[in-house]
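Remarks on the overall topology
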Amino acid sequence: MSGGDMHVLEQAPATEDRGPAPEPARRRTVLRHLLRHLFSGAAVLLGAATLTFTALQLAPGDPVAVLLGPGTSASPQVRAEIQAEYGLGEPAPLRYVHYLGHLARGDLGTSYQLQQPVSEVIVDQLRPTAELAAAALVLAVLTGVAIAVATAGRRPGLRAAAMAWESLALSVPSFWVGIVLVSVFSFQLRIFPGAGAQGAASLVLPSVTLAMPAAGALSRTLREGLEAALAQPFAAAARARGLSPTGVTMRHALRHAAASALNLGGWLAGTLLAGTVLVETVFARPGLGALTVHAVIDRDMPVVMGVVLTSALVSAVVFTVVDLLQRVLDPRLRIEVMDR
């Protein structure tokens, strides 16, 4: 028996003596953990609302003139009525308190330009953005995992080529990638449409554009985790039992590496929604990106704040799901939570 096996046998009783935690204690621990995530998400939403409100208040221009439209004049009485209707005549701190009160009731306000509830405007534009973000996320995960598994612990030349592609994917601006893809695959080869959101074919080019930097970051992080896991004793033991290198990577090392890469994957999933603003503009797609651009130009403050809060909410939910998945993949995190 080797020294590593003796070490494992010596530590085994300590793990067995711990035993499963009582069911009431486990439930209380899970409840405390979920409450911490709930409070963290509320803090994120409050911070996003505060920062966005402050930035919009500091933006130059007259909101009343924006509401009236370019080149439209109005009497002082009409301007006063508009200010009273939208609360624009109140001091900024009072408007902020009123906004938080409406937000606590689930009211995001009314769009200045569209004259519709902001929640309805966002819901109408959410589907194409969600489709683009989901397609880009799936493509980024599949590409990143495939490259990491194919190059981890392999020949130096293959690894160097993968690292060069990752550096290129992370450094090249997304709008430039989108323009190149449209020029080649839409204008010259005429394989995929370069604008709009009609059918699955219109998702290919924008999802590739959005997924490239995410795939590059994910493959680099996952490969480092795989190589660290392949150097562990359990990987050597699996190879000694006759398991092939691919089998060791897929059956053993990938699970250990996924726990470390999951944090990055959660961050990438949260930022994909923000990345759709630029990609949707390049490909002339409808969605939250185009809605945000027009709202910023028109100073439609309720819409801008509604989109920012939606992005913050999605990010908070994604990070909560990532944390729960980490505890499923890594039992040590569950033990740490039970000890608190």
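Residues numbered from 1 in each chain as written. Predicted model: local features only at pLDDT ≥ 70, side-chain atom pairs only at ≥ 80, totals over all residues. Heavy atoms only, no water.

The chain is annotated in an unreviewed UniProt entry as Binding-protein-dependent transport systems inner membrane component from Frankia casuarinae. Per UniProt, the comment on the chain under Subcellular location (unreviewed entry) is "Cell membrane". (UniProt positions renumbered as here; feature names shortened; annotations may be inferred.)

Moving on, we come to the packing of helix 8 (residues 174–188) against helix 9 (residues 201–230). At a minimum axis separation of 9 Å, helix 8 and helix 9 run at an interaxial angle of 145 degrees. Relative to helix 9, helix 8 is oriented so that their crossing is right-handed. Contact residues: helix 8 offers S174, V177, G178, L181, V182, F185 and S186, while helix 9 offers L205, V208, T209, M212 and P213. In the contact of helix 8 with helix 9, the residues fall into eight nonpolar, four polar and no charged. (Axes fitted to C-alpha atoms, helices over the stretch in contact; angles between N-to-C directions. Helix = DSSP H or I, 4+ residues; strand = E, 2+ residues; numbered from the N terminus. Left-handed = near helix turned anticlockwise from the far one by under 90°. Contact = heavy atoms within 4.5 Å. Nonpolar A, V, L, I, M, F, W, Y, C, P; charged D, E, K, R; others polar.)

A word on helix 7 (residues 156–171). Between its first and last C-alpha atoms helix 7 spans 22 Å; for 16 residues at 1.5 Å apiece the expected length is 22 Å, and the two agree. Of all the positions in helix 7, only A162, E166 and A169 are classed as buried. Along the axis of helix 7, the buried residues cluster in a sector spanning 65 degrees; they form a single face. Relative to its buried face, helix 7 has exposed residues pointing more than 90 degrees away, namely P156, G157 and S171. Check the buried side of helix 7 and you find it contacts helix 6 (118–151) and helix 9. (Expected span 1.5 Å × (residues − 1). Buried < 20%, exposed > 50% of the residue type's maximum accessible area, 1.4 Å probe, protein only. Arc of directions from axis to C-beta.)

Cross-referencing UniProt, the feature "transmembrane region" (unreviewed entry) maps to residues 34–59, 132–152, 164–187, 199–218, 261–283 and 303–325 in the present numbering. Across residues 303–325, helical content stands at 100% and strand content at 0%; the span's end C-alpha atoms are separated by 33 Å.

A contiguous nonpolar patch, built from F175, W176, I179, V180 and L278 and spanning about 460 Å² of accessible area, is present on the exposed surface. With four residues, helix 8 is the single largest residue contributor to the nonpolar patch. (Patch = residues over 30% accessible without salt bridge, like charges linked within 9 Å, V, L, I, M, F, W, Y side chains within 5 Å. Areas by Shrake-Rupley, 256 points an atom, 1.4 Å probe, with all protein chains shown as cover. Salt bridge = Lys/Arg side-chain N within 4 Å of Asp/Glu carboxyl O.)

Topologically, S207 is positioned in helix 9. At 2.9 Å, the side chain of S207 and the backbone oxygen of V204 are in polar contact. The residues touching S207, leaving out its near neighbours within four places in the chain, are L132, A135, A136 and L139. (Polar contact = N/O pair within 3.5 Å; in protein donor to acceptor, adjacent residues only side chain to side chain.)

Here the focus is the pattern of salt bridges. Applying the stated criterion across every chain yields a total of four salt bridges. Its salt-bridge partner being R159, residue E227 comes within 2.7 Å of it at the nearest N-O pair. You can see E227 sitting in helix 9 and its partner R159 sitting in helix 7, a full 68 residues away along the chain. Accessibility expressed as a relative area gives 24% for E227, which makes it partly exposed.

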